[in-house]
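Structure assessment
Okay, here's what each chain looks like letter by letter:
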Amino acid sequence: MMTLAVYKTLMKVYATCQLFDKACALYYDLKADGIQPDKIMYGCLVKFAVKCGQSELVAELSEKVQGDTQNYSWLIRSAGQAGNVCHALELLQKLKSMNSDGPPQSTVYNSVLDACLSNGAMNEAEELLQEMREHHLMTLVTYNTLMKGLCFNGQLAKARALLDEMRMSGLTPDCASFNCLISAAVSNSNFADAWDIFEEMERQGLSPDHYTLSIIMKSARKSKRPSDANRAMDLLDRSEVDMGSDEVLLNTVVDACIYRKDHRRLRKILDSLQTSTLAPSVQSYGLLIKAHSCIKRPDKCWKLWNEMLARHLRPNDVTLSCMMDSLVCDGKVEQAAQLLEQWQEQLQPNTVVYSTLIKGFASQGNAEKAVQMYREVKKRGLHMNQVAFTALIDAHVRAEKMEQAEDLLKQMQADGIEPNTITYSALVKGYSRTGKLDRALKTFDDMLSRGLEADTVIFNTLLDGAIRASRFELCDQVLAEMAKHEVHESNFTLSIIIKMWGKRKCLDAAFKVAREKTKTSLQRLDSQICTCLISACLHNHAQERALEALHEMKSWPNCDGPDASTYNMLLGGLLRCGWAREAAAVATEALHVRFSLNHEVLAQLFKSLQKAGLQRELLSLDQLLRLGS
């Protein structure tokens with residue numbers, strides 16, 4: 001039988017590992033062994049029971065810890081957790097009656113105040129605050145507790161006014177004070193207030209800590225304004241906080257980067273973790289696998305998965321889904337199916353896991369396999385969800401089986417699952433690509449009639465379809481609707497618009513779009529826009545203008561500039577027109593900046609140079625290629 005000393009040591013170990021449930025379970029083992037805990041151990045047990053929400057154990061231990069102020073604070077906190085404000089106030093009165101030397105410490109009052117505020121007992125909180133002011137018990141913790149309560153009850157302005165009251169009382173607001181206010185503003189999507197509070201925090205000379213950054217990064221995820229997201233990311237770049245030192249912050253930052261498709265920052269953060277000692281949780285492993293998948297690192301995904309298993313951590317359905325999704329994104333759908341087969345008996349996969357496979361087979365245009373997964377969902381008694389149905393519809397769209405896709409939409413609605421914008425986007429894409437633009441427009445109108453908001457993707461699909469069919473009046477109509485709905489233009493949208501003006505033989509309009517966006521857009525423009533502009537010039541037999549554009553776009557602000565695809569596009573166009581000398585100059589420039597040129601284009605260039613007798617250019621290019629290899 002173990003002694004009390006051994007039980008104390010074991011309890012300390014559990015507490016250090018934050019295994020409070022196991023620490024509490026030791027109490028029943030003590031009772032079974034007939035061992036009586038001492039006063040200190042009773043106090044620790046109450047503390048652990050409150051931390052893990054074991055209210056019944058707190059009630060059983062309450063009589064054992066009477067008279068100790070610290071223990072009373074924990075009992076009061078437990079009453080607050082249970083929503084029993086009256087009991088919290090009774091405990092305060094009981095403690096006051098026991099202390100003849102004066103009122104209890106401010107820590108006890110703060111616990112009661114928190115119990116009142118977290119349960120909306122504002123009148124009781126006001127009375128308590130009056131008493132605390134009379135006894136000069138207002139501390140920084142008191143103000144922060146009051147601030148948290150006011151924010152919880154939606155009174156941000158009143159909570160913020162406490163900052164001045166704190167200063168007038170001789171107290172200096174700390175990071176916790178400002179974090180509370182910023183969190184409330186972000187939670188209510190009041191991003192202007194959040195940044196205003198943050199600026200006040202910086203004026204006071206406080207640097208953002210882990211919690212500040214974690215809260216601010218939520219604005220990058222929640223805000224619909226690119227300026228808020230960009231500002232949050234800029235703050236992240238300036239911060240000296242180690243991402244690998246705090247798991248919550250890491251997860252928030254990684255999630256925001258994934259959501260914004262900010263692969264540059266995502267790559268930088270993931271690379272910084274190579275020297276970190278962070279031991280991720282199962283949840284974090286799932287997010288990190290997803291992150292590496294986003295930047296096309298399938299080997300890293302497998303490494304994380306195997307590392308998790310080596311640590312004897314059991315994956316959950318979310319982690320499994322992330323690993324399967326990484327395989328699907330790498331084109332290894334069958335391997336993802338094998339992984340599911342390996343784990344399905346241990347994890348009991350849900351619909352989301354099967355949705356991943358349905359999406360995988362859909363991406364390959366394999367409607368038959370996607371339907372097979374659909375049958376498996378039904379066989380296991382699972383219910384299809386919005387994502388699974390949408391993926392299944394997309395599989396049939398990719399296979400150009402529009403009739404079956406429509407039948408699935410009807411089945412989806414019959415099952416009580418409402419299609420979303422992505423569902424309708426898939427159908428619009430199918431009709432647009434098969435040349436049934438009028439049907440695509442009807443589907444779009446059906447979506448709007450259901451109260452769904454049109455997004456960038458569906459407008460891009462309609463616009464691209466209209467351009468393919470050379471229905472330029474419809475293009476103008478789509479662009480007008482896009483402006484009417486205040487839908488943000490993505491890089492892909494701009495590429496489509498430039499392509500449209502090229503087909504309409506309006507190069508000036510194409511250049512105007514590109515130039516204006518490089519100067520006014522808050523988002524960084526990608527190289528695809530440069531490639532599309534070169535393509536528009538070549539489509540209009542304006543080779544000279546294409547060469548001028550190449551020179552101009554390298555100086556555009558807020559733009560990645562031309563890439564290898566841009567140079568390959570221009571080279572191909574110049575060679576088709578017999579401009580071998582100019583093509584050689586472009587190829588030389590591309591090789592100097594170490595862009596990879598298409599082998600077929602290079603072979604054609606060498607033939608053209610040889611045919612034109614341009615030996616100097618031929619030898620120069622040959623030398624450059626040899627040096628590069």
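It should be noted that the structure appears before, not after, this text.
So, here is what we can say about the structure in this document. (Residues numbered from 1 in each chain as written. Predicted model: local features only at pLDDT ≥ 70, side-chain atom pairs only at ≥ 80, totals over all residues. Heavy atoms only, no water.)

**Concerning the packing of helix α16 (residues 263–272) against helix α17 (residues 282–294)**
Going by this rule: Axis geometry follows a simple rule: fit a line to the C-alpha atoms, using only the stretch in contact for helices, then measure angles between N-to-C directions, giving values from 0 to 180 degrees. Each helix is a run of H or I in the DSSP string that is no shorter than four residues. Each strand is a run of E no shorter than two, and both are numbered from the N terminus. Geometric relationships in this document are graded by angle, where less than 35 degrees denotes roughly parallel, more than 145 denotes roughly antiparallel, 65 to 115 denotes roughly perpendicular, and other angles denote oblique. Should the near helix be turned anticlockwise from the far one by less than a right angle, the crossing is termed left-handed; should it be turned clockwise, right-handed. The contact definition used throughout considers only heavy atoms, calling two residues in contact when any of these lie within 4.5 Å. Under the convention adopted here, Pro, Cys and the residues Ala, Val, Leu, Ile, Met, Phe, Trp and Tyr are nonpolar, Asp, Glu, Lys and Arg are charged, and Gly plus all remaining residues are polar.
Two elements in contact, α16 and α17, have axes whose closest approach is 10 Å; the angle formed by their N-to-C orientations is 125°. With respect to each other, α16 and α17 are oriented oblique. The hand of the α16/α17 crossing is left-handed. Here H263, L266 and L270 of α16 lie close against α17, whose contacting residues are L288, A291, H292 and C294. Grouping the constituent residues of the contact of α16 with α17 by class yields five nonpolar, two polar and no charged.

**Some details on unusual backbone geometry**
Our working rule: Per-residue accessibility, obtained with a 1.4 Å probe over protein chains only, is compared with the maximum for each type, and a residue is labelled buried under 20%, exposed over 50%, and partly exposed between these values.
Positive phi outside glycine occurs at Q348, with the angle close to 50°. Secondary-structure assignment places Q348 in the loop between α20 (333–347) and α21 (351–363). Q348 gets classed as exposed once you look at its relative accessible area, which sits at 52%.

**A word on the pattern of salt bridges**
Definition in use: Salt-bridge detection follows one rule: a side-chain nitrogen of Lys or Arg within 4 Å of a carboxyl oxygen of Asp or Glu.
Under the counting rule described, the total for this entry stands at 39 salt bridges. Where D330 meets K332, a salt bridge forms, and the shortest distance between an N and an O atom there is 3.3 Å. The class for K332 is partly exposed, based on a relative accessible area of 39%. Close ionic contact of K554 with E589 constitutes a salt bridge, the shortest N to O distance being 2.7 Å.

**So, the packing of aromatic side chains**
Heads up, the rule is: Side-chain rings of Phe, Tyr and Trp (the six-membered ring for Trp) are treated as a pair once their centres are within 6.5 Å; stacked means planes under 30 degrees apart, edge-to-face means over 60, and tilted covers the remaining angles. Geometrically, a charge over a ring is one whose NZ (Lys) or CZ (Arg) sits within 6 Å of the ring centre while staying within 35 degrees of the ring normal.
Going through the model one piece at a time under the given rule, you end up with seven aromatic pairs. Look at F20 and F48: their rings are 5.6 Å apart centre to centre, the planes differ by 25°, and that puts the pair in the stacked class. Of this pair, F20 sits in helix α2 (residues 20–32) while F48 sits in helix α3 (residues 39–51), placing them 28 residues apart in sequence. Assigned by exposure class, F20 and F48 land together as buried. Here Y374 and F389 contribute two aromatic rings whose centre-to-centre distance is 6.0 Å and whose plane-to-plane angle is 55°, an arrangement assigned as tilted. With a gap of 15 residues between them, Y374 in helix α22 (residues 367–379) and F389 in helix α23 (residues 386–398) connect regions that are remote in the sequence. R77 extends its terminal NZ or CZ atom over the ring of W74, reaching a point 4.3 Å from the ring centre.

**Thoughts on the side chain of E131**
Operational definition: Here a polar contact means two N or O atoms within 3.5 Å. Within protein one must be a hydrogen donor candidate and the other an acceptor candidate, and residues neighboring in sequence count only if both atoms are side-chain atoms.
Position of E131 relative to the elements: it lies in helix α8 (residues 122–134). The exposure class of E131 is buried, given its relative accessible area of 19%. Engagement of the side chain of E131 in a polar contact is seen with the side chain of Y109, the distance being 2.5 Å. Discounting residues that sit within four places of it in the chain, E131 has contacts with K96 and Y109.

**Points about the packing of α2 against α3**
Relative to each other, α2 and α3 sit at 135°, their axes nearing to 8 Å. Judged on the interaxial angle alone, α3 and α2 are oblique. At the point where α2 passes α3, the crossing takes the left-handed sense. From α2, F20, A23, C24, Y27 and L30 reach across to α3, where they touch M41, Y42, L45, F48, A49 and K51. When grouped by side-chain class, the residues that make up the contact of α2 with α3 number 10 nonpolar, no polar and one charged.

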